[in-house]
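One-letter residues, chain by chain:
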Amino acid sequence: QVHVVESGGGLVQPGGSLRLSCAASGLTFSRCAMSWYRQAPGKERELVAAIPSAGGSTNYADSVKGRFTISRDNAKNTVYLQMNSLKPGDTAVYYCNLDYRSPFGVRSVYWGQGTRVTVSS
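(A) A look at the state of the cysteines. Evaluated as defined, the whole model comprises one disulfide. Residue cysteine 22 pairs covalently with cysteine 96 via a disulfide, S to S 2.1 Å. Negative torsions about the S-S bond denote left-handed disulfides, and the value of about -80 degrees found for cysteine 22 with cysteine 96 makes this one left-handed. Of this pair, cysteine 22 sits in strand S3 (residues 18-25) while cysteine 96 sits in strand S9 (residues 92-101), and the two are 74 residues apart along the sequence. On the accessibility criterion, cysteine 96 (0% relative accessible area) is buried. Summary of cysteine pairing: cysteine 32 is not part of a disulfide, and the nearest cysteine sulfur, belonging to cysteine 96, is at 9.2 Å. The exposure class of cysteine 32 is buried, given its relative accessible area of 0%.

(B) Main features of the nonpolar core. Within the largest apolar cluster, 30 residues are counted, with the highest numbers of intra-cluster contacts made by Met34, Trp36, Val79, Leu81, Met83, Tyr94 and Leu98. Take this core: its biggest share by element is five residues, from S9.

(C) Broad picture of the sheet that holds strand S1 (residues 3-7). Judged by pairing direction, the sheet is antiparallel, and its four strands sit side by side in the order S1-S3-S8-S7 without closing on themselves. Looking at which strands have only one partner, the edges of the open sheet turn out to be S1 and strand S7 (68-73). Averaged over all neighbouring strand pairs, the angle between strand axes comes to 15 degrees, with direction disregarded. With six bridges connecting them, S3 and strand S8 (residues 78-83) associate as antiparallel partners. Within S8, the position partnered with serine 21 by the bridge is tyrosine 80.

(D) Local environment of the side chain of serine 21. Within the secondary structure, serine 21 sits in strand S3. Serine 21 gets classed as buried once you look at its relative accessible area, which sits at 16%. Leaving out residues up to four positions away in the same chain, serine 21 has contacts with Val5, Glu6, Ser7, Trp36, Thr78, Val79 and Tyr80.

Rules used in this analysis
- Residues numbered from 1 in each chain as written.
- Predicted model: local features only at pLDDT ≥ 70, side-chain atom pairs only at ≥ 80, totals over all residues.
- Heavy atoms only, no water.
- Disulfide = S-S within 2.5 Å.
- Helix = DSSP H or I, 4+ residues; strand = E, 2+ residues; numbered from the N terminus.
- Buried < 20%, exposed > 50% of the residue type's maximum accessible area, 1.4 Å probe, protein only.
- Core = buried A, V, L, I, M, F, W, Y, C linked by side-chain atoms within 4.5 Å.
- Pairing = 2+ DSSP bridges.
- Axes fitted to C-alpha atoms, helices over the stretch in contact; angles between N-to-C directions.
- Contact = heavy atoms within 4.5 Å.

Laid out in structure tokens, this is it:
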């Protein structure tokens, strides 16, 4: 059974930093492309950052470029989202997304339960 658990959310002042973590188990993590999404109250869920299964090239939403960094540690089955220079507009529930490809090419997608980030003074 696949488990996806996010952690690291909380309340932070504008300009502050947080690091989110997403740990996965029950599958071969190195076969997963990983992404972070967020959903603010009254808004649709949006892609924040993505990193391919082997690491390397990353993608970011324009709104977070230069402030957020996605990384992964395949030895720890964990993906991270370092968030710096946080703004009130970053307030949302952040979700981890796993896009798994089996050796036979079968695709499966998994979501974490979300971790809340609140940026406020």
